[in-house]
Every structure is written in C-alpha cells, then in structure tokens.
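Report on the structure
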Amino acid sequence: MTILSAGFYCREDTVQIAKELIGKVIITEFNGLLTSARIVETEAYKAPEDKACHAYLNRKTKRTKTMFLPGGVAYIYLCYGIHHLFNVVTGPEGAAHAVLIRAVEPLAGQEIMLRRRGLDKLKPQLSAGPGVMSKALGIEKAYDAISLTEPKGLIRIADAPVLPFSEIIAGPRVGIDYAEECVDWPWRFYQRDCPWVSKIRKKKS
DNA sequence: ATAATGATTCGCT
DNA sequence: GCGAATCATTATG
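Residues numbered from 1 in each chain as written. Chains lettered and ligands numbered in written order. Predicted model: local features only at pLDDT ≥ 70, side-chain atom pairs only at ≥ 80, totals over all residues. Heavy atoms only, no water.

Taken together, 21 residues form the shell around DNA strand C, and within it Tyr77, Asn87, Arg117, Gly175 and Tyr178 come nearest. Across the atoms of DNA strand C situated within 4 Å of the protein, the share located in sugar and phosphate is 58%. Taking His54, its side chain carries an N or O atom lying 3.3 Å from a base nitrogen of DNA strand C. One of the side-chain nitrogen or oxygen atoms of Tyr178 is found 2.7 Å away from a phosphate oxygen of DNA strand C. Contributing elements (two or more residues each) for the surface near DNA strand C: strand 3 (74-79), strand 4 (83-89), strand 5 (97-106) and helix 4 (130-137). Of the residues that constitute the surface near DNA strand C, the class distribution is twelve nonpolar, six polar and three charged. (Near = heavy atom within 4 Å. Polar contact = N/O pair within 3.5 Å; in protein donor to acceptor, adjacent residues only side chain to side chain. Helix = DSSP H or I, 4+ residues; strand = E, 2+ residues; numbered from the N terminus. Nonpolar A, V, L, I, M, F, W, Y, C, P; charged D, E, K, R; others polar.)

Attention now goes to the protein's contact with DNA strand B. In the vicinity of DNA strand B, the contacting residues are Arg59, Thr61, Arg63, Leu78, Tyr80, Gly81 and Ile82. Per the 4 Å cut-off to the protein, sugar and phosphate atoms form 70% of the nearby atoms of DNA strand B. A distance of 2.3 Å separates a phosphate oxygen of DNA strand B from a polar atom in the side chain of Thr61. Within the backbone of Tyr80, a nitrogen or oxygen atom sits 2.8 Å from a base oxygen of DNA strand B.

Looking now at the pairing of strand 1 (residues 25-30). The element strand 1 is largely enclosed, with a buried count of five among its six residues. Where strand 1 lies against strand 6 (residues 155-158), four bridges are found, and the strand directions are antiparallel. Residue pairing for strand 6: Ile27 is matched across the bridge by Arg156. (Buried < 20%, exposed > 50% of the residue type's maximum accessible area, 1.4 Å probe, protein only. Pairing = 2+ DSSP bridges.)

Below, the discussion takes up the nonpolar core. Counting residues in each nonpolar core, the largest one holds 41 residues, and the members touching the most others are Leu21, Ile26, Phe86, Ile101, Leu148 and Ile155. Leaving out residues up to four positions away in the same chain, Ile155 has contacts with Ile26, Ile27, Thr28, Phe30, Ile76, Phe86, Ile139, Tyr143, Ile146, Ser147 and Leu148. Among the nonpolar cores identified, the runner-up in size contains 19 residues, and Ala47, Phe68, Val73 and Leu85 belong to it. (Core = buried A, V, L, I, M, F, W, Y, C linked by side-chain atoms within 4.5 Å. Contact = heavy atoms within 4.5 Å.)

This part takes up the layout of surface pockets. Taken as a whole, the largest pocket encloses approximately 1,300 Å³ of empty space. In this structure, the largest pocket is lined by 46 residues; those nearest its centre are Arg102, Pro130, Val174, Gly175 and Arg201. Broken down by secondary-structure element, the contributors of at least two residues to the lining of the largest pocket are strand 2 (33-46), strand 3, strand 4, strand 5 and helix 4. The element contributing the most residues to the lining of the largest pocket is strand 3, with four residues. When grouped by side-chain class, the residues that make up the lining of the largest pocket number 24 nonpolar, nine polar and 13 charged. Considering only enclosed or pocket space, the second largest pocket measures out at about 160 Å³ in volume. Lining the second largest pocket we find Ile82, His83, His84, Arg116, Arg117, Gly131, Val132, Ser134, Lys135, Gly138, Ile139 and Glu140. When residues of the lining of the second largest pocket are traced back to their parent elements, those giving at least two are strand 4, helix 3 (110-117) and helix 4. (1 Å grid on protein atoms, 1.4 Å probe; cavity = no way out; pocket = protein on both sides within 12 Å on 5 of 7 lines; lining within 4 Å. Points joined across faces, edges and corners; volume = space filled by probe spheres on them.)

Put into structure tokens, the structure is as follows:
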C-alpha cells in the first residue's frame, strides 16, 4: 500500500487532482484506532480566482493560511460551528489550492466509525457528507496543517488505480450559493452509482 | 421545514 | 478591541 507523496499534491492543476483523488483511500490512526475509507466525492477550491474559496483573492488569514502551504497537508476547519470539514491542500507553496473531501465509503474499522457516529448499522448516513465523514474518521480541526505524506502520520492517503473516465461524474459544487458566477463551475466530482455519495441538497425556496 | 451552533471575518472605533 | 453577520451542514419532527 503506497502512500501518496508530495509530488501528487504539489501539481498546479487542482481540478485534475480532485478528479484523481476519487477512489483513493484515507487512513486515520488516532490513539491506536485505525480506520480507512475510500474517497467517492471531492470538490476543488482554487484561489485567487475562485470566489467560493476561503482564500479568494489570496486573502491570507489565520484560518486560510494553511491553504498556502505546499500540497500534501490537511486543511481542517469548522463549519456552521458544528462540523469539521476535511480538505487536502494542493499546489506549490504560496498557491491557496485545496480539495474538499465530501464523502467516503468505509473500509477498515467500521465498528469504530459507527461508534463515533452513534449508529449501530452500516448505512450511507455514516459517512456520506463532509461533516459526518470527518466525524466517522475522527478528524477534528486540531489536526489542521498536519502532513498527509508521512507513512506513520495520523492521517494519510493511499494510492489506488484511477477510476475509468466513465465512472466519474462532474457537477457544480454544493452549498456555495454566495459565490455568484462561480456556482456553476463543474468542480465537484463523484463516483457514478455509488450509494456513499452525499445527496444533493435542495436549495432554499 | 428549520433549529442548532461557534469560529471567523468585517466594519467600525 | 468589539459586536454582528455569515456559513463548503446535519438531525429531527
């Protein structure tokens, strides 16, 4: 099992990386509890031109500074005061690019994930959604900016064959209605016919 | 359908 | 510094 190296993340084309991340495997190991899950849904965010990106126009703040790091580290932040969202920083140092992981398919340590979520049965609700999949894997914002490329790291991502083109679907990103002309950019990728992909949420009336 | 929830940011001073 | 508005969501009825 090969861990993806910095070379994979540091490329300039974040959208391409987001696409290639589908099918890769996230492994977390906190407190000796090992869990892993297959990525089935991602979104690309790319400053400065992307209005939906926190670092739009390269705004550098305490929160977004992680995104300016070289590719291969985690960017984790709190959303709606409740949910920890997990991103992978991409691109060279100084480029605020990142890929949001939105949904995963549980592999190893399913009992651990169920316990963390307070569920007793394996169903998409366990990890189909950016907030809940972080919770299932035990990811918290305290792990912001840690490396993903260390073989012994708390969080790492294992390589896997790239899915056939026909299995990957591109669409507009979710939950960024405020981003005006950027809302329709097809920067969301997910695996076709996969029950672990998050459901498209209906917009407010 | 909507309440819950808190870090972050922005516009003041 | 301070306070208000904002938000890449989820769970529940």
